[in-house]
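Residue strings, one per chain:
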Amino acid sequence: MLSKDPVAAVRRFNRFYTRRIGALDEAHLGSPYGLADMRVLYEVAQTPDGISPKALAAKAGLDAGYLSRILKRFETEGLMVRAPSRHDGRSVSVWLSSDGIHAYNTMRQVAEGAVAELIAPLTGAQRARLTEAMGQIETLLAAAAGESSAPRDVVLRAHRPGDIGWVVHRHGVLYAREFGWDEKFETLVARIAADFVDNLDPARERCWIAERDGEILGSIFLVRGEAAGQAKLRLLLIEPAARGLGLGKRLVAECVAFARSAGYNEIILWTQSMLIAARAIFADAGFELVESHPDDSLAPGLISETWRLAL
């Protein structure tokens with residue numbers, strides 16, 4: 001019988017839940033890193049432009065000295081980079097290296113798989129009850145501490161049923177609204193998306209969906225190119241409400257890190273000269289414009305461009 005004493009009930013739940021998710025394991029989910037290590041990787045991954053150790057300590061809820069030891073170890077292992085802050089020369093920032101991004105993505109996928117396995121025996125109704133109960137716990141305890149319980153972090157995840165349709169739909173809607181392109185572009189996106197699903201090689205191709213609070217904010221794909229050792233970056237899309245958050249840079253960084261880990265030698269992409277924001281993201285990531293030509297296939301007066309990044 002459950003205790004009516006709220007203190008005892010909370011402590012009982014904590015013991016049960018930490019045991020089920022392995023929170024006290026020295027190596028969390030079979031990885032070489034503990035739970036605090038993974039929390040640090042997670043928080044740094046949310047700030048691709050860098051975060052100060054002081055801000056990181058506050059976000060992760062870790063003692064500054066303990067955090068410093070974790071950061072030094074990550075730098076030694078090549079997972080993290082430290083440099084003077086771009087915004088304040090008196091401070092430093094840390095961010096994930098390409099190896100760090102790969103390690104974070106790998107651990108995130110393992111963690112998501114472990115949770116999926118944990119709730120797999122539950123029915124749909126039971127999962128809904130579980131989600132609602134967890135939300136109530138978070139809301140009540142956050143309110144008691146004077147905090148907001150609303151999760152605001154943007155997560156990047158693999159595609160699920162329904163996501164490919166969303167990609168096609170949102171490309172069609174946004175490009176018609178912003179540039180006046182008709183359904184020919186939506187049809188092109190549908191072909192690219194269908195080819196991805198039909199020919200997917202999970203070891204060398206991937207789709208990332210950016211999501212916050214259950215709302216999809218963007219997407220990007222990496223697929224094999226025609227030449228040996230070549231990958232293609234495709235279908236980068238950021239919802240208008242999510243622009244200005246650095247999400248485009250983060251999605252491109254995920255693609256580049258994955259392409260390197262998959263053994264590609266180069267990434268190419270196709271875009272249009274009038275997509276100024278996207279071109280700036282590609283240039284900032286190290287891509288170079290290698291070819292351009294007039295192209296009226298989607299709309300009159302367009303200039304198609306090919307960009308390349310050597311890996």
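All values reported here derive from a predicted model rather than from experimental measurement.

S.K.: What is the right way to read helix α9 (residues 247–261) from this model?
M.R.: The periodicity of an α-helix, 3.6 residues per turn, causes residues three or four positions apart to be oriented the same way. The end-to-end C-alpha distance of α9, which contains 15 residues, comes to 21 Å, matching closely the 21 Å that a straight helix rising 1.5 Å per residue would cover. Buried residues dominate α9, accounting for eleven of its 15 residues. Among the residues of α9, those classed as buried are Leu247, Gly248, Arg250, Leu251, Val252, Glu254, Cys255, Val256, Ala257, Phe258 and Ala259.

S.K.: What's the story with the layout of surface pockets in this structure? I'm lost.
M.R.: Any space left empty among the atoms is revealed by the rolling of a water-sized probe across them. Considered as a void within the structure, the second largest pocket measures approximately 800 Å³ in volume. Considering the residues around the second largest pocket, the lining is formed by 39 residues, among which Tyr175, Leu236, Leu275, Ala278 and Phe282 are closest to the centre. Counting residues per element, the ones that place at least two in the lining of the second largest pocket are α7 (163–179), α8 (183–199), β6 (230–238), α9, β7 (266–272) and α10 (276–284). Looking at which element gives the most residues to the lining of the second largest pocket, the answer is β6, with seven residues. For the lining of the second largest pocket, the per-class residue count stands at 26 nonpolar, seven polar and six charged.

S.K.: Any chance you could explain the packing of aromatic side chains here in plain terms?
M.R.: The relative placement of two aromatic rings is captured by the distance of their centres and the angle of their planes. By the definition in use, this model includes eight aromatic pairs. Ring plane angle 35 degrees and centroid distance 5.1 Å describe the contact between tyrosine 175 and tryptophan 181, whose orientation is recorded as tilted. Taken as a pair, tyrosine 175 and tryptophan 181 share a single burial class, namely buried. Ring geometry for phenylalanine 196 and phenylalanine 221: centres 4.9 Å apart, planes at 85 degrees, overall edge-to-face. Of the two residues, phenylalanine 196 sits in helix α8 while phenylalanine 221 sits in strand β5 (residues 215–224), which places them 25 residues apart along the sequence. Residues phenylalanine 196 and phenylalanine 221 agree in their burial class; the two are buried. One aromatic cluster in this structure is built from Tyr175, Phe179, Trp181 and Phe185. Here the basic side chain of arginine 204 rests over the ring of tyrosine 264, its NZ or CZ set 4.1 Å away from the ring centre.

S.K.: Teacher, can you tell me more about the pairing of β6 here?
M.R.: Remember that side chains alternate between the two faces of the sheet whenever the strand is regular. Counting buried positions along β6 yields eight of nine residues, so the element is predominantly enclosed. Note that the unit made of β6, α9 and β7 has a crossover that is right-handed.

S.K.: It is not clear to me how the pattern of salt bridges should be interpreted in this structure. Could you clarify?
M.R.: Once their charged atoms are close, side chains differing in charge can pair, the charge on each being opposite to the other. Counting across every chain of the model gives 13 salt bridges. In this structure, the salt-bridge partner of glutamate 178 is arginine 243, at a minimum N-O distance of 3.1 Å. You can see glutamate 178 sitting in helix α7 and its partner arginine 243 sitting in the loop between β6 and α9, a full 65 residues away along the chain. When its relative accessible area of 41% is taken as the criterion, arginine 243 is described as partly exposed. With a shortest N-O distance of 3.7 Å, lysine 249 and aspartate 284 are connected by a salt bridge. In this pair, lysine 249 sits in helix α9 while aspartate 284 sits in helix α10, placing the two residues 35 residues apart along the sequence. Judged by relative accessible area, lysine 249 falls into the partly exposed class, the value being 36%. Exposure remark for aspartate 284: the relative accessible area of 54% places this residue in the exposed category. Here the salt bridges share partners, and the residues they tie into one network are Arg157, Arg160, Asp163 and Glu211.

Calculation criteria
- Residues numbered from 1 in each chain as written.
- Predicted model: local features only at pLDDT ≥ 70, side-chain atom pairs only at ≥ 80, totals over all residues.
- Heavy atoms only, no water.
- Helix = DSSP H or I, 4+ residues; strand = E, 2+ residues; numbered from the N terminus.
- Expected span 1.5 Å × (residues − 1).
- Buried < 20%, exposed > 50% of the residue type's maximum accessible area, 1.4 Å probe, protein only.
- 1 Å grid on protein atoms, 1.4 Å probe; cavity = no way out; pocket = protein on both sides within 12 Å on 5 of 7 lines; lining within 4 Å.
- Points joined across faces, edges and corners; volume = space filled by probe spheres on them.
- Nonpolar A, V, L, I, M, F, W, Y, C, P; charged D, E, K, R; others polar.
- Phe/Tyr/Trp six-rings, centres within 6.5 Å; stacked < 30°, edge-to-face > 60°.
- Lys NZ or Arg CZ within 6 Å of the ring centre and 35° of its normal.
- Right-handed = clockwise from strand over helix to strand, strands pointing away.
- Salt bridge = Lys/Arg side-chain N within 4 Å of Asp/Glu carboxyl O.

Don't take any of this as a statement about function, it's just geometry.
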